[in-house]
Amino acid sequence: MLGAIGVSHIDELIAHIPAEARLNRPLDIPAGKSEFDIVDYFRERGDRGANGYPTFLGAGVYRHFRPVVADVIVQRSEFLTSYTPYQAEIAQGTLTQIFEFQTMVCQLTGMEVANASMYDGSTAVPEAAMMAVRITGRNKTLVARTVHPEYREVLDTYTKHQGMPVAELGYDAETGRLDMADLAAKIDSDTACVIIQSPNFFGTVEELDALAELVHSKGALLVYVFTEAVSLGLLQPPLQADIVVGELQSFCISPAYGGPFAGIIATKEKFIRQIPGRLVGETKDTEGRRAFCLTLSTREQHIRREKATSNICTNQALIALMGTVYLSLFGKEGLRELAVQNLSKAHYLGSHFEPRFSGAYFNEFVARVGDPEALNAKLLDEKIIGGLPLGKYYPELADSMLLCATEMTKKPEMDKLLAVAGRSK
Amino acid sequence: MVKKVRSHISQNEQLLFEMSSPGKKGYQLPDLDVPVVDPAAALGGQAVRKEIEGFPEVSEVEVIRHFTRLSTWNYAIDLGMYPLGSCTMKYNPRVNEQVARTEGLAWAHPYQPESLAQGMMEVIAALEGALAEITGMDAVTLQPAAGAHGEMTGILLIRAALEKQGNPRKKVLCPDSAHGTNPATAQMVGYDVVNIKSNDLGMVDVAELVKAVDGDTAALMVTNPNTVGVFEEHIVQVAEVLHSKGAMIYMDGANMNALVGVARPGDFGVDVMHLNLHKTFSTPHGGGGPGAGAVAMKAHLEPFAPTPRLKFENGLYGWDYNRPDTIGRVRAFYGNFGVLVRALAYIMAHGGPGLRNATMDAILNANYIRKGLEAFFDLPYQSPCMHEVVFSDDRQTKKGVKTGDIAKRLIDYGFHPYTVSFPLIVHGALMIEPTETESKAEIDLFIDAMQSIAREIDEDPQMVLKAPYTTRTSRVDETTAARKPIVRWKPSPAAS
């Protein structure tokens, strides 16, 4: 090869890099390791984690059973090692699957259009706010304090320099739902959108009708956020919302210490040209056969550059594939049955605690436990990971923790937690 | 003659929704070991949905067959060369997939106690350290989820640092060869974008740059090697021009596969950059994500890094949330950890010497392709190329055939096309990046295919315009798709 190129040594190929820019020593990284060593290195680190510990953590990341089939499919080379499907003729597999995914997201959320996925739930929130600003021509965002605290931090980071002021809305201390009086006081003719989460960070299900009416009466858009996608199997789809965003992790994605996950964004048909990210559309080939391709790319950065709807340049195709396979396996009946199991487990656990809020909850709830850190320490001695202490995010709830139970939480584990917490009946 | 492929049967398949029949399912839940709760009683009847209309009802074997059939409609690296310029489609080692599934890592909850998360934090620390060494930078954050997300993080860091000095400034400069994400990012961080013309070598025009940089300039976003595959030979001088006016230099690391072990951005003046772990560090593209966009920075930007930051105190790792100057969070939790595991596994398998060898092989492969094709396609820039080579379709357009048509014809020869029509400064660009993965035998087949297409264009351009011929679908009508967007399945009125 060197001969064909016309050089005698491979280093001649980089001779044009100026000397002051070149690295003149080996990288200080140990020599290559064997496959055995690599597997061993990660196994050893995994073993020092929480293998075998029952856990009651939810708060945006949920433990759900992962059917074997889904992991088999995502390891198909043709899905795993392909690129973004720009060349439609040799990417119909990915394109067809994304079209199915977009359809399922619409069916679950009651929206009319959905994109091919976002980085995750947290980054989908500011993208929804930016979309609302483009649609309404207004600039203010109101976000409920019961939206995941880390999602709100991400919203702040994104909006800070885009002339998009963000204000927070309190919650009703009795029900744990949005404080409607606070919304009524703060919403005005500059409000582009109101962002709420349901089930919210406390696990409480929001009541949308009155809320949506107020938001729409002021000409603003309602953005509905979810972190627990399984709730969509049981709760009414948020038809009152204008934009729905959320996190798909519950659909077969391992917790993986926080990622990779995938977000969704779905909306009404009339807003389709303001949606960020990739979209797959149905079309035909020259023979008139059904085919799919990426579409409406004039919204995107590679065409519009600084005038694009977002700088986003990817989706989370493989994660969305995993979710699509998962939803195909569970289907119409299964998702509901799964959701009922989650509801039942959480309510078994919840019935033993003094509820902090009266609002209905799905698979997590706030329990007043006195000293959450002390309880968690006692649980950890028993090799149980307790709930999330809330004082860090809500100082007024320093005596409470967020507890979650899913279909994977076994009754004996819950009974053990209750015993340690002194809550056995 | 097509040597690499021949036609074979491909199965037809409906959409999931069209193959459903009532009552079919592909799951079995465990028996419920607590009393079943009535949803209407717990949530209120009005809060409970009826059935999910149109949702699939299929069996497990139907699911397996459905997605396996779809998969056979895709091209993939595991099938052959995927020479997409700037995308670095290299082999994705399978051991990386296995280690990412290590139970204690894959099932770790981000809020589990730090005492039970030391292993994860060690992985993060090890990767941060390796990437700092590779880039010549002082600190690394692994929080961003993708390359463009890393760009946003980097420009936010620059903005925060300038604000701390009293003036965030107004504009960001982008060469006209830049990826579209660069100007889109600068805009999202509140900057005006000023485009800088490239010179006739495909490099940043230093004289143009000197004219453009002033007290309102926050940064230059530069890709090096740039999108025509050329190392910016005046990069040290470019950095000096910016620094002399108090501005900074951001590097888009999309093309870092040309530099690992050979040159370090931190040594040639870059203040902050992102790395696409799904390019340079082999984590799978997965049909378009997930990726990860690590950001490496000089010490002066570290105080502004996203929270939380990994810290090491008294022999233990932990997350530091107390960072008064931080730009804040760019995503929930700590980043795409599963992707980080794969990237670290790649670095461990190669080691320092192996990483440099990979870089040199990638450069060798690109130069070999350039030599093999320069008699057939127009080479707009004569500058030496690094890991990718960019031709233009100038010669072929005289016959009415454009880069996009050549790309479609290449599919018939068994290859994924190169990157089409980018960068914008090259008319009708063919941007080819073979990566180090490809053997001489595979590259020879590729060169042979491209030469053959060039001859076909001379002899029968009409034939090339209708390619591809061997795929499941012939050319797909993208115009109609955009004019009347159908982005979800609906039951046909006749069926209901």
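Refer to the structure above for everything that follows.
Conventions we followed
- Residues numbered from 1 in each chain as written.
- Chains lettered and ligands numbered in written order.
- Predicted model: local features only at pLDDT ≥ 70, side-chain atom pairs only at ≥ 80, totals over all residues.
- Heavy atoms only, no water.
- Axes fitted to C-alpha atoms, helices over the stretch in contact; angles between N-to-C directions.
- Helix = DSSP H or I, 4+ residues; strand = E, 2+ residues; numbered from the N terminus.
- Parallel < 35°, antiparallel > 145°, perpendicular 65-115°, else oblique.
- Left-handed = near helix turned anticlockwise from the far one by under 90°.
- Contact = heavy atoms within 4.5 Å.
- Nonpolar A, V, L, I, M, F, W, Y, C, P; charged D, E, K, R; others polar.
- Buried < 20%, exposed > 50% of the residue type's maximum accessible area, 1.4 Å probe, protein only.
- Lys, Arg positive; Asp, Glu negative; His and termini not counted.
- Salt bridge = Lys/Arg side-chain N within 4 Å of Asp/Glu carboxyl O.
- Polar contact = N/O pair within 3.5 Å; in protein donor to acceptor, adjacent residues only side chain to side chain.
- Core = buried A, V, L, I, M, F, W, Y, C linked by side-chain atoms within 4.5 Å.
- Expected span 1.5 Å × (residues − 1).

Asks: What should I look at first to understand the packing of helix H11 (residues 317-350) of chain A against helix H13 (residues 411-420) of chain A in this one?
Replies: The description of two packed helices rests on the angle between their axes and on the distance between the axes. Residue and element names in this part refer to chain A. Contact pair H11 / H13: the axes reach a minimum separation of 10 Å and the direction vectors enclose 20 degrees. For the element pair H11 / H13, the angle class is roughly parallel. Note that H11 runs across H13; the crossing there is right-handed. Residues Lys 345, Tyr 348 and Leu 349 of H11 form the contact with H13, whose own contacting residues are Lys 411, Met 414, Asp 415, Leu 417 and Leu 418. For the contact of H11 with H13, the class distribution of residues is five nonpolar, no polar and three charged.

Asks: So what exactly am I meant to see when it comes to the side chain of Glu 206 of chain A here?
Replies: Residues and elements named next belong to chain A. Looking at the secondary structure, you find Glu 206 in the loop between strand E4 (191-197) and helix H9 (208-217). Despite being buried, Glu 206 has no salt bridge partner; Arg 177 is the closest side chain of opposite charge, sitting 5.2 Å away. A polar atom in the side chain of Glu 206 sits 3.0 Å from the backbone nitrogen of Leu 178. At 3.1 Å, the side chain of Glu 206 and the side chain of Asn 200 are in polar contact. In this view, Glu 206 contacts Thr 146, Gly 176, Arg 177, Leu 178, Ile 196, Gln 197, Ser 198 and Asn 200; residues no more than four positions away in its chain are not counted.

Asks: Would you take a moment to explain the nonpolar core for this structure?
Replies: One recurring pattern in soluble globular proteins is that nonpolar side chains are buried together. Grouped together as the largest cluster of nonpolar side chains are 293 residues, with contacts concentrated most on Phe 42 of chain A together with Leu 131 and Leu 277 of chain B. With 18 residues, helix H10 (residues 337-373) of chain B is the single largest residue contributor to this core. In this structure, Leu 349, Val 369, Leu 375 and Met 401 of chain A belong to the second largest nonpolar core, which totals 20 residues.

Asks: When you look at helix H5 (residues 92-109) of chain A in this model, what are you seeing that I'm missing?
Replies: All names here are of chain A. Its 18 residues place the ends of H5 25 Å apart at the C-alpha level, agreeing with the 26 Å of an ideal helix rising 1.5 Å per residue. Of all 18 residues that make up H5, 18 are buried, and the element is covered over most of its length. The positive-phi residue at the C-terminal boundary of H5 is Gly 110, with phi of around 75 degrees.

Asks: Which parts of the structure should I look at to understand the pattern of salt bridges?
Replies: Pairing between side chains of opposite charge can happen when their charged atoms approach one another. As enumerated under the stated definition, the model contains 50 salt bridges over all chains in all. Of the charged contacts, one joins Arg 94 of chain B and Asp 78 of chain B as a salt bridge, the two residues approaching to 2.9 Å between their closest N and O atoms. Placement of the pair is Arg 94 of chain B in helix H3 (residues 94-100) and Asp 78 of chain B in the loop between helix H2 (60-71) and H3, with a sequence separation of 16 residues. The exposure class of Arg 94 of chain B is partly exposed, given its relative accessible area of 28%. Residue classification places Asp 78 of chain B among the partly exposed residues on the basis of a relative accessible area of 32%. Here Arg 101 of chain B makes a salt bridge to Glu 97 of chain B, at a shortest N to O gap of 3.3 Å. Using a relative accessible area of 29% as the deciding quantity, one classes Arg 101 of chain B as partly exposed. Through salt bridges with shared partners, a single network forms among Arg 66 and Asp 71 of chain A together with Glu 97, Arg 101 and Arg 342 of chain B.

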